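The primary structure of each chain is shown beneath.
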Amino acid sequence: MAAADVLKISILGTDSIHVGFHLIPYIFQTILTTLPSSAYVLITDNNLARLYLDDISSAFNTAASEAGSKARFLTYQVAPGEEAKSRRVKEEIEDWMLSEKCTRDTVVLAFGGGVIGDLTGFVAATL
């Protein structure tokens, strides 16, 4: 796999935005280094999971191994589309996270567009 070609964009003196190619391994190396946790939960939709979840899981496992992390990597898939952005789906995700014994240190990650970002942000803010 090619190395990440990353451009960091500074906002108010902090490299807040990272853009580029081949970012999945880079993202997990960065997350594991800067946000240590016992568990990482990735929320995505079924369409994206079908295309990318194997590569994402592999990248996480590689980065965790290199970092010496024993953190769990959990994934939750929702149906694609606006109907997934509902209180019912939010409740399902939260119930699942509680059943997986996620704690306050769990890092919640969104992989998808607006619906996934909105839903994941709401879960992360309220769980």
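Everything numeric in this text was worked out from a predicted model, so none of it was measured. (Residues numbered from 1 in each chain as written. Predicted model: local features only at pLDDT ≥ 70, side-chain atom pairs only at ≥ 80, totals over all residues. Heavy atoms only, no water.)

*Asks:* Please explain the side chain of threonine 106 as it appears in this structure.
*Replies:* Here threonine 106 lies in the loop between helix H3 (87–99) and strand S5 (107–111). Here the side chain of threonine 106 touches threonine 103 through a polar contact of 2.9 Å, landing on its backbone nitrogen. Not counting residues up to four positions away in its chain, the partners in contact with threonine 106 are Ser37, Ala39, Val41 and Met97. (Helix = DSSP H or I, 4+ residues; strand = E, 2+ residues; numbered from the N terminus. Polar contact = N/O pair within 3.5 Å; in protein donor to acceptor, adjacent residues only side chain to side chain. Contact = heavy atoms within 4.5 Å.)

*Asks:* Would you mind going over helix H1 (residues 23–34) with me for this structure?
*Replies:* Residues spaced three or four apart along an α-helix face the same direction, because each turn holds 3.6 residues. The end-to-end C-alpha separation of H1 is 16 Å, in line with the 16 Å expected for twelve residues at 1.5 Å each. The set of residues buried in H1 consists of Leu23, Tyr26, Phe28, Ile31 and Leu32. (Expected span 1.5 Å × (residues − 1). Buried < 20%, exposed > 50% of the residue type's maximum accessible area, 1.4 Å probe, protein only.)

*Asks:* Help me understand the packing of aromatic side chains, please; the structure alone is not making it clear to me.
*Replies:* Each aromatic ring pair is characterised by the separation of its centres together with the angle its planes make. Counted according to the given criterion, the structure contains six aromatic pairs. Geometrically, the ring pair formed by phenylalanine 28 and phenylalanine 60 is edge-to-face, given 5.5 Å between the ring centres and 90° between the ring planes. Residue phenylalanine 28 is found in helix H1, and its partner phenylalanine 60 is found in helix H2 (residues 46–67); the two are separated by 32 residues along the sequence. The same class applies to phenylalanine 28 as to phenylalanine 60, namely buried. Among the aromatic residues, those joined into a ring-pair cluster are Phe28, Tyr40, Phe60 and Phe73. If you follow lysine 90 out to its NZ or CZ, it ends over the ring of phenylalanine 122, 4.8 Å from the centre. (Phe/Tyr/Trp six-rings, centres within 6.5 Å; stacked < 30°, edge-to-face > 60°. Lys NZ or Arg CZ within 6 Å of the ring centre and 35° of its normal.)

Honestly, that's just the spatial picture; any functional story needs more than this.
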